[in-house]
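One-letter residues, chain by chain:
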Amino acid sequence: MDSALDERVINHVTMTKKQVALTFDDGPDDKYTLKILDILKANGIKATFFVVGEHAAKYPAVLRRIVQEGHVVGNHSWDHPDLLKLSNELIRNEITKTDDVIRNISGASPTLFRAPYGAVNNDVRIDAASTGHHLIGWSVDTLDWKGKSTAEIINAVKKEVTPGAIILQHSAGGKGGNLTNTIQALPQIISYLKQNNYSFVTVPELLSAETH
Ligand SMILES: [Zn+2]
């Protein structure tokens, strides 16, 4: 990756190739994450999962499956707080504790950090970079966690996708703990993007393909 750890938030990557990165936040769990993994596997797609440390600790087998199936694991904090309300020391703790549990369970060392709610200030930028992470946002927000319908989720992608897009969905949580619409939308999102000649890469692959 030649994108330096320069404390910027990367919401999308400037490129002409039609590549996108699917990202799934807030897992792992033992329900929706498994269904997403099945759909990705059936389509031969590698994605990026931004996992919450305490969920990784609770579902270690699912975290290992994510890594074994070739997906990238990013750090999404230990317990999903609003980092803007935390001291610098506590922010660093959220990041390093999560790196440690991911490494201990799966052997993967996260090089990506996504702040809960996308809430970022100077401390978050500095702490993410100084602990060795690119700070990742998104350019397509499906708002799937809000209980959007399957059609609304698909339409958000159709409307907002561009070459180099980072698409945000969730693999756990959701309104009332329900992500059924995410699961129903995913195969249709994949087939729409394939029909429009997009290919699927992980976030690190997208970063390394950035045109300067
Ligand atoms: Zn989240």
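Residues numbered from 1 in each chain as written. Predicted model: local features only at pLDDT ≥ 70, side-chain atom pairs only at ≥ 80, totals over all residues. Heavy atoms only, no water.

Draft legend 1. Fine view of the side chain of threonine 33. You can see threonine 33 is positioned in helix α1 (residues 32-43). There is a polar contact of 2.9 Å between the side chain of threonine 33 and the backbone oxygen of serine 171. The contact partners of threonine 33, leaving out residues within four places of it in the chain, are Gly27, Pro28, Phe49, Val62, Ile66 and Ser171. (Helix = DSSP H or I, 4+ residues; strand = E, 2+ residues; numbered from the N terminus. Polar contact = N/O pair within 3.5 Å; in protein donor to acceptor, adjacent residues only side chain to side chain. Contact = heavy atoms within 4.5 Å.)

Draft legend 2. Examining the coordination of the zinc ion more closely. Asp26 (OD), His76 (NE2) and His80 (NE2) make up the full set of protein donors to the zinc ion, lying at 2.0 to 2.1 Å. For the zinc ion, the single-chain donor residues occur in sequence as D-x49-H-x3-H. Take histidine 76 and histidine 80: they sit in the same class, and that class is buried. (Donors = N, O, S within 2.8 Å, 3.2 Å for Na, K, Ca; no water. Buried < 20%, exposed > 50% of the residue type's maximum accessible area, 1.4 Å probe, protein only.)

Draft legend 3. Structural view of the pattern of salt bridges. All told, the structure shown has six salt bridges when counted by the stated rule. Put simply, aspartate 38 and arginine 65 hold a salt bridge, and the shortest N to O gap is 2.7 Å. A residue pair is termed long-range when its members are at least 10 positions apart, and aspartate 38 in helix α1 and arginine 65 in helix α3 (residues 60-68) qualify at 27 residues. Using a relative accessible area of 43% as the deciding quantity, one classes aspartate 38 as partly exposed. Between lysine 41 and glutamate 69 there is a salt bridge, with the nearest N and O atoms lying 3.4 Å from each other. Of the two residues, lysine 41 sits in helix α1 while glutamate 69 sits in the loop between α3 and β4 (72-75), which places them 28 residues apart along the sequence. Look at glutamate 69 and you get buried, because its relative accessible area is 16%. (Salt bridge = Lys/Arg side-chain N within 4 Å of Asp/Glu carboxyl O.)

Draft legend 4. Highlighting the layout of surface pockets. If you add up the space inside the largest pocket, you get close to 260 Å³. Lining the largest pocket are 16 residues, with Asp26, His80, Tyr117, Trp145 and His170 sitting closest to its centre. Counted by class, the lining of the largest pocket contains six nonpolar, five polar and five charged residues. (1 Å grid on protein atoms, 1.4 Å probe; cavity = no way out; pocket = protein on both sides within 12 Å on 5 of 7 lines; lining within 4 Å. Points joined across faces, edges and corners; volume = space filled by probe spheres on them. Nonpolar A, V, L, I, M, F, W, Y, C, P; charged D, E, K, R; others polar.)

Draft legend 5. Just the side chain of aspartate 144, in detail. Turning to its location among the elements, aspartate 144 is positioned in the loop between β7 (140-141) and α6 (150-160). No salt bridge is formed by the buried aspartate 144. Its closest oppositely charged neighbour is arginine 114, at 9.3 Å. Within the local environment of aspartate 144, its side chain forms a polar contact with the side chain of histidine 170, the two groups lying 2.7 Å apart. A polar atom in the side chain of aspartate 144 sits 2.9 Å from the side chain of threonine 182. Setting aside its immediate chain neighbours within four residues, aspartate 144 contacts Ile153, Gln169, His170, Leu179 and Thr182. (Lys, Arg positive; Asp, Glu negative; His and termini not counted.)

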